[in-house]
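Here is how the chains run, residue by residue.
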Amino acid sequence: DKFEAALAVPEGENAAPRLNTALAALERRRSGLPLEQKQKLLLVNNWNHGPVLSADEQKRCLDRIEPELTKVRESSKRPHFWIKRDFSLPTTVLFPEYARLRYSAQVCSAMATYHARRGQTSKATEALRDVFQFSKLAGDSPSTLIAGLVSIALYNIGIEGVVRCI
């Protein structure tokens, strides 16, 4: 009990409840995209051959998921992302929120590249800030190695986005 009390997050500072709901909604919307668009949206730039999707296709894909992605981005503005888990049943702990955070980071990075190509640097910067916020939130989860590894992976997605935007 003392350990759990030490890990308690002050009321209203935990992003987990709202963020998990928003991530699930984004997942449902994503499943409605045609498979080819889903795959190509995240392959924003083929370094040897330029953009994978045309600007129009990329805009259509991003527009379809924009409402849900906006909720994810707004929900991540809290300082903590702590989910209470029952580790006594390790097979039930699959960390689905981390896969969803990864997808959100990839989409925000794609969005940043899209805006940077159009000269909208403030929108590109905002999208990249969200990627780094996702990384911070993932690393904030207490006592799991997975959280730290996911945080590093999300950070790398952000760095790749910065490189593409420069």
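Look above for the structure.
Residues numbered from 1 in each chain as written. Predicted model: local features only at pLDDT ≥ 70, side-chain atom pairs only at ≥ 80, totals over all residues. Heavy atoms only, no water.

1. Looking at the overall build of the protein
Here is step 1: Scanning the protein from N- to C-terminus turns up seven helices and two strands.
Here is step 2: Reading the helices (α) and strands (β) of the protein from amino to carboxyl end gives α-α-α-β-β-α-α-α-α.
Here is step 3: When burial is assessed residue by residue, the protein has 38% of its 166 residues classed as buried.
Here is step 4: In the protein, 75% of the contacts between residues at least 6 apart in sequence involve partners at least 24 apart.
Here is step 5: Carbon and sulfur atoms make up 56% of the accessible area of the protein, which totals about 9,500 Å². (Helix = DSSP H or I, 4+ residues; strand = E, 2+ residues; numbered from the N terminus. Buried < 20%, exposed > 50% of the residue type's maximum accessible area, 1.4 Å probe, protein only. Contact = heavy atoms within 4.5 Å. Areas by Shrake-Rupley, 256 points an atom, 1.4 Å probe, with all protein chains shown as cover.)

2. Observations concerning the nonpolar core
Here is step 1: Within the largest apolar cluster, 33 residues are counted, with the highest numbers of intra-cluster contacts made by Leu 19, Val 72, Phe 81, Tyr 98, Leu 101, Phe 134 and Leu 154.
Here is step 2: Those elements giving two or more residues to this core turn out to be helix H2 (16-31), helix H4 (55-75), helix H5 (96-117), helix H6 (121-140) and helix H7 (145-165).
Here is step 3: By residue number, the principal contributor to this core is H5, which donates nine residues.
Here is step 4: Those residues in contact with Leu 154 that lie beyond four places of it in its chain are Leu 101, Arg 102, Ala 105, Val 131, Phe 134, Ser 135 and Ala 138. (Core = buried A, V, L, I, M, F, W, Y, C linked by side-chain atoms within 4.5 Å.)

3. Here's the deal with a nonpolar patch on the surface
Here is step 1: Taken together, the side chains of Leu 145, Ile 146, Leu 149 and Ile 152 define a hydrophobic patch exposed on the protein surface, amounting to about 400 Å² of accessible area.
Here is step 2: Checked against the element boundaries, Leu 145 lands in helix H7.
Here is step 3: Exposure remark for Leu 145: the relative accessible area of 66% places this residue in the exposed category. (Patch = residues over 30% accessible without salt bridge, like charges linked within 9 Å, V, L, I, M, F, W, Y side chains within 5 Å. Salt bridge = Lys/Arg side-chain N within 4 Å of Asp/Glu carboxyl O.)

4. Comments concerning the environment of Ala 112
Here is step 1: With respect to the helices and strands, the residue Ala 112 is situated in helix H5.
Here is step 2: Residues Ala 112 and Ser 122, spaced 10 residues apart in sequence, show a C-alpha to C-alpha distance of 9.3 Å.
Here is step 3: Apart from the residues within four sequence positions on either side, Ala 112 is in contact with Ala 124, Ala 127, Leu 128 and Cys 165.

5. Side note on the side chain of Thr 113
Here is step 1: Tracing the chain through its elements places Thr 113 in helix H5.
Here is step 2: A polar side-chain atom of Thr 113 sits 3.1 Å from a polar atom in the side chain of Arg 164. (Polar contact = N/O pair within 3.5 Å; in protein donor to acceptor, adjacent residues only side chain to side chain.)

6. Observations regarding the pattern of salt bridges
Opposite charge on two side chains permits pairing when their charged atoms draw close.
Here is step 1: This structure, assessed with the given rule, holds four salt bridges.
Here is step 2: When the shortest N-O distance is used, the salt bridge between Asp 130 and Lys 77 registers 2.4 Å. One end of the pair, Asp 130, is in helix H6; the other, Lys 77, is in the loop between H4 and H5, with 53 residues separating them in the sequence.
Here is step 3: Take Asp 130: its relative accessible area is 2%, and that puts it in the buried class.
Here is step 4: In this structure Lys 77 comes out as exposed when scored by relative accessible area, which is 53%.
Here is step 5: A cluster of three or more residues bridged by salt bridges with shared partners is formed by Arg 73, Lys 77, Glu 126 and Asp 130.

7. Side note on H6
Here is step 1: The terminal C-alpha atoms of H6, which comprises 20 residues, lie 28 Å apart, in line with the 28 Å expected from a rise of 1.5 Å per residue.
Here is step 2: Residues of H6 that are buried include every one of Ala 124, Ala 127, Leu 128, Asp 130, Val 131, Gln 133, Phe 134, Ser 135, Leu 137, Ala 138 and Asp 140, and no others.
Here is step 3: In this structure, the buried side of H6 is in contact with H2, H4, H5 and H7. (Expected span 1.5 Å × (residues − 1).)

8. A closer look at the packing of H5 against H6
Here is step 1: It is at 7 Å that the axes of H5 and H6 come closest, and there the two elements cross at 160 degrees. Between H5 and H6, the angle is such that the two are roughly antiparallel. In this structure, the crossing between H5 and H6 has a hand that is left-handed. Note on element contacts: H6 touches H5 through Lys 123, Ala 124, Ala 127, Leu 128, Asp 130, Val 131, Phe 134 and Ala 138, opposite Tyr 98, Leu 101, Ser 104, Ala 105, Cys 108, Ser 109, Met 111, Ala 112, His 115 and Ala 116. (Axes fitted to C-alpha atoms, helices over the stretch in contact; angles between N-to-C directions. Parallel < 35°, antiparallel > 145°, perpendicular 65-115°, else oblique. Left-handed = near helix turned anticlockwise from the far one by under 90°.)

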